[in-house]
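Spelled out, the chains give:
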Amino acid sequence: MWSQRDVVSYALQRRSTLESLRRPLRSLSTAEACDADPMLVRAAHHHGVTSDEPCPVCASEHMSLLHYVFGDQLGQYSGRIKRPPELEQMAHEYGEFKVCVVEVCTDCGWNHMIESYVLGDGVKRRPPRRQPTVEDIYG
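Residues numbered from 1 in each chain as written. Predicted model: local features only at pLDDT ≥ 70, side-chain atom pairs only at ≥ 80, totals over all residues. Heavy atoms only, no water.

Draft legend 1. Representation of helix α3 (residues 38-47). Where α3 is concerned, the buried positions are Leu 40, Ala 43 and Ala 44. With its buried residues spanning 100° around the axis, α3 presents them on a single face. Residues of α3 that are exposed and point over 90 degrees away from its buried face: Pro 38, Met 39, His 45 and His 46. As for α3, its buried residues are in contact with β3 (63-70), β4 (80-82), β5 (97-105) and β6 (111-119). One side-chain oxygen of the residue at the start of α3 lies 2.9 Å from the amide nitrogen of Met 39, identifying that residue as Asp 37. (Buried < 20%, exposed > 50% of the residue type's maximum accessible area, 1.4 Å probe, protein only. Helix = DSSP H or I, 4+ residues; strand = E, 2+ residues; numbered from the N terminus. Arc of directions from axis to C-beta. Contact = heavy atoms within 4.5 Å. Polar contact = N/O pair within 3.5 Å; in protein donor to acceptor, adjacent residues only side chain to side chain.)

In structure tokens, the structure reads:
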């Protein structure tokens, strides 16, 4: 993406976790490594972008990538899942927001943050006005 900056890769942490799974003494069990919250698995199933790589734990082809967006300028929309085309559009609409990419296996529950980066055009903006949600209306 044209405005991608402050990229942080979590590949070394991921590799360390996978190595501790494969060690003979197994300092980490598969149940501890594959501990995805059911809501995360559901989000990956319905909103995730299919990954090209198989799951590193169970070798399943059902790996998904989730792109979470966070930022003060997003207002109540911070913390939502967006697809890559939406991120490109948001980079032109907002000054700065952080994107966290998480890989999730919907079969075994493996999940790990792959990378994070900042997008936006650099122009500071006020957050959008808060829109009433279903929770506001029905409590």
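Now, onward.
Draft legend 2. Summary view of the side chain of Ser 51. Position of Ser 51 relative to the elements: it lies in the loop between β2 (49-50) and β3. Relative accessible area serves as the criterion here: at 14%, Ser 51 is assigned to the buried category. A distance of 3.3 Å separates a polar atom in the side chain of Ser 51 from the backbone nitrogen of Glu 53. Setting aside anything within four residues of it in sequence, one finds Ser 51 in contact with Met 63, Ser 64 and Leu 65.

Draft legend 3. Region of interest: unusual backbone geometry. Even without being glycine, Asp 6 reaches a positive phi, approximately 55°. Positioned with a positive phi, Ala 59 is a non-glycine residue whose angle comes to about 65°. Relative to the assigned elements, Ala 59 resides in the loop between β2 and β3. Given the relative accessible area of 53%, Ala 59 is considered exposed.

Draft legend 4. A look at a nonpolar patch on the surface. A contiguous nonpolar patch, built from Val 134, Ile 137 and Tyr 138 and spanning about 400 Å² of accessible area, is present on the exposed surface. Inspection of the secondary structure puts Tyr 138 in helix α5 (residues 134-138). (Patch = residues over 30% accessible without salt bridge, like charges linked within 9 Å, V, L, I, M, F, W, Y side chains within 5 Å. Areas by Shrake-Rupley, 256 points an atom, 1.4 Å probe, with all protein chains shown as cover. Salt bridge = Lys/Arg side-chain N within 4 Å of Asp/Glu carboxyl O.)

Draft legend 5. Structural detail: the pattern of salt bridges. Inspection of every chain in the model, using the stated rule, returns 3 salt bridges. Where Arg 5 meets Glu 96, a salt bridge forms, and the shortest distance between an N and an O atom there is 3.6 Å. In this pair, Arg 5 sits in strand β1 (residues 5-9) while Glu 96 sits in the loop between α4 (84-93) and β5, placing the two residues 91 residues apart along the sequence. Given a relative accessible area of 27%, Arg 5 falls into the partly exposed group.

Draft legend 6. Structural detail: the nonpolar core. Formed by Val 69, Leu 74, Leu 87, Met 90, Ala 91, Tyr 94, Phe 97, Val 99, Val 101, Tyr 117 and Leu 119, the largest nonpolar core amounts to 11 residues. Taken together, the elements giving at least two residues each to this core come down to α4, β5 and β6. If sequence neighbours within four positions are ignored, Phe 97 has contacts with Val 69, Phe 70, Leu 74, Leu 87, Met 90, Ala 91, Tyr 117, Val 118, Leu 119 and Gly 120. (Core = buried A, V, L, I, M, F, W, Y, C linked by side-chain atoms within 4.5 Å.)

Draft legend 7. Spotlight on the side chain of His 112. Turning to its location among the elements, His 112 is positioned in strand β6. Leave out the neighbours within four places in its chain, and His 112 touches Tyr 10, Gln 13, Arg 14, Thr 17, Val 101, Val 102 and Glu 103.

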